[in-house]
Amino acid sequence: MPMKPDDVIWKALLGACKMHKNIEIGTCAAEVLMQLAPHDSGAYVALSNMYASSGDWDGVAKVRLMMKDMDIRKDPGCSWIEIDGVIHEFLVEDDSHPRAKDIHSMLKEISNELSFEGHVPKTTQVLLKMDEKHKESVLHYHSEKIAVAFGLISTPPKTPLHIVKNLQICEDCHSSMKLISKIFPTLYDITSPN
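The following paragraphs examine the structure supplied in this document. (Residues numbered from 1 in each chain as written. Predicted model: local features only at pLDDT ≥ 70, side-chain atom pairs only at ≥ 80, totals over all residues. Heavy atoms only, no water.)

1. Quick look at unusual backbone geometry
- With a phi angle near 55°, Lys21 is a residue other than glycine that sits in the positive phi range.
- Within the fold, Lys21 resides in the loop between α1 (7-20) and α2 (23-36).
- Its identity as a non-glycine residue notwithstanding, Asp84 has a phi of 50°, on the positive side.
- In this fold, Asp84 is placed in the loop between β1 (78-83) and β2 (86-91).
- The class of Asp84 is exposed, set by a relative accessible area of 75%. (Helix = DSSP H or I, 4+ residues; strand = E, 2+ residues; numbered from the N terminus. Buried < 20%, exposed > 50% of the residue type's maximum accessible area, 1.4 Å probe, protein only.)

And the structure:
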């Protein structure tokens with residue numbers, strides 16, 4: 001390479017390693033990124049996720065302990081939706097909204113309809129050591145799904161819903177949203193980084 005690689009190049013390499021499950025080179029890229037930006041959670045989270053996806057729970061624990069020791073926190077998944085001029089914010093597994101009961105009822109309805117349509121949750125996206133049923137539950141309460149449920153109970157049918165996310169949408173939510181738009185016909189616009 002005719003230039004010295006910067007953090008953007010190392011992040012691209014780390015992302016490629018994650019995609020292709022190359023833990024050896026991914027670990028090297030993550031370590032370089034940790035030296036370049038020791039308090040940026042991105043490299044730590046990517047490395048932890050690589051270990052988790054390969055079933056290396058000791059590696060996950062080591063990275064998480066390193067993050068804890070350095071007081072590095074992962075940004076929680078967060079989504080925003082505007083209804084009648086008011087912006088509503090939802091976090092993963094959020095039940096703090098005044099209409100939480102109604103939202104959870106709609107989430108249950110969405111989940112039942114998704115199952116009826118043949119949707120099988122992609123639990124490989126949940127990089128935590130837990131049983132499959134619990135992983136399905138975690139996916140059920142991603143922030144963008146909560147925002148969609150709130151939008152559906154708060155607007156007339158077929159009202160376009162625009163949701164903004166702080167993190168990239170996971171594969172399960174992406175496939176779920178396609179089916180949700182078929183089940184509850186409206187325009188869904190979910191904006192997330194990348």
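2. A short note on the sheet that holds β1
- Here we have four strands laid out as an open sheet, ordered β2-β1-β3-β4, and mixed in their pairing. Looking at which strands have only one partner, the edges of the open sheet turn out to be β2 and β4 (188-191). For this sheet, the mean inter-axis angle between neighbouring strands, taken without regard to orientation, is 25°.
- Across four bridges, the pairing between strand β3 (residues 161-165) and β4 is parallel. The residue of β4 that forms the bridge with Val164 is Thr191.
- With respect to the sheet, helix α7 (residues 143-154) is in contact with β1, β2, β3 and β4, its orientation differing from that of β1 by roughly 15°. (Pairing = 2+ DSSP bridges. Axes fitted to C-alpha atoms, helices over the stretch in contact; angles between N-to-C directions. Contact = heavy atoms within 4.5 Å.)

3. Comments concerning α2
- Taking 1.5 Å as the rise per residue, α2 with 14 residues should run 20 Å; its terminal C-alpha atoms sit 20 Å apart, in good agreement.
- Here α2 has its buried residues at Gly26, Thr27, Ala29, Ala30, Leu33 and Met34. Seen along its axis, α2 keeps its buried residues to an arc of 165°; they face one direction. Exposed residues lying more than 90 degrees from the buried face of α2 are Glu24 and Gln35. (Expected span 1.5 Å × (residues − 1). Arc of directions from axis to C-beta.)

4. Let's talk about the environment of Met3
- Looking at the secondary structure, you find Met3 in the segment before α1.
- Sequence spacing of Met3 and Ala61 is 58 residues, and the spatial spacing of their C-alpha atoms is 35 Å.

5. With respect to the packing of helix α3 (residues 41-53) against helix α4 (residues 57-69)
- As a packed pair, α3 and α4 sit with axes 7 Å apart at the nearest point and diverge in direction by 165°. In terms of orientation, α3 lies roughly antiparallel with respect to α4. Relative to α4, the crossing made by α3 is left-handed. Across from Ser41, Tyr44, Val45, Leu47, Ser48, Tyr51 and Ala52 in α3, the residues of α4 making contact are Trp57, Gly59, Val60, Val63, Arg64, Met66 and Met67.
- Residue composition of the contact of α3 with α4, grouped by class: ten nonpolar, three polar and one charged. (Parallel < 35°, antiparallel > 145°, perpendicular 65-115°, else oblique. Left-handed = near helix turned anticlockwise from the far one by under 90°. Nonpolar A, V, L, I, M, F, W, Y, C, P; charged D, E, K, R; others polar.)

6. Considerations on the pattern of salt bridges
- One pass over the full model with this rule turns up seven salt bridges.
- The shortest N-O distance in the salt bridge between Lys11 and Asp7 comes to 3.8 Å. Of this pair, Lys11 and Asp7 both sit in helix α1, separated by four residues, roughly a single helical turn.
- Taking the relative accessible area as the measure of exposure, Lys11 reaches 41% and is therefore partly exposed.
- When its relative accessible area of 33% is taken as the criterion, Asp7 is described as partly exposed.
- Among the ionic pairs, Asp172 bridges to Lys145, the shortest N-O distance being 2.8 Å. Of this pair, Asp172 sits in helix α8 (residues 171-183) while Lys145 sits in helix α7; the two residues are 27 residues apart in sequence, bridging distant segments of the chain. (Salt bridge = Lys/Arg side-chain N within 4 Å of Asp/Glu carboxyl O.)

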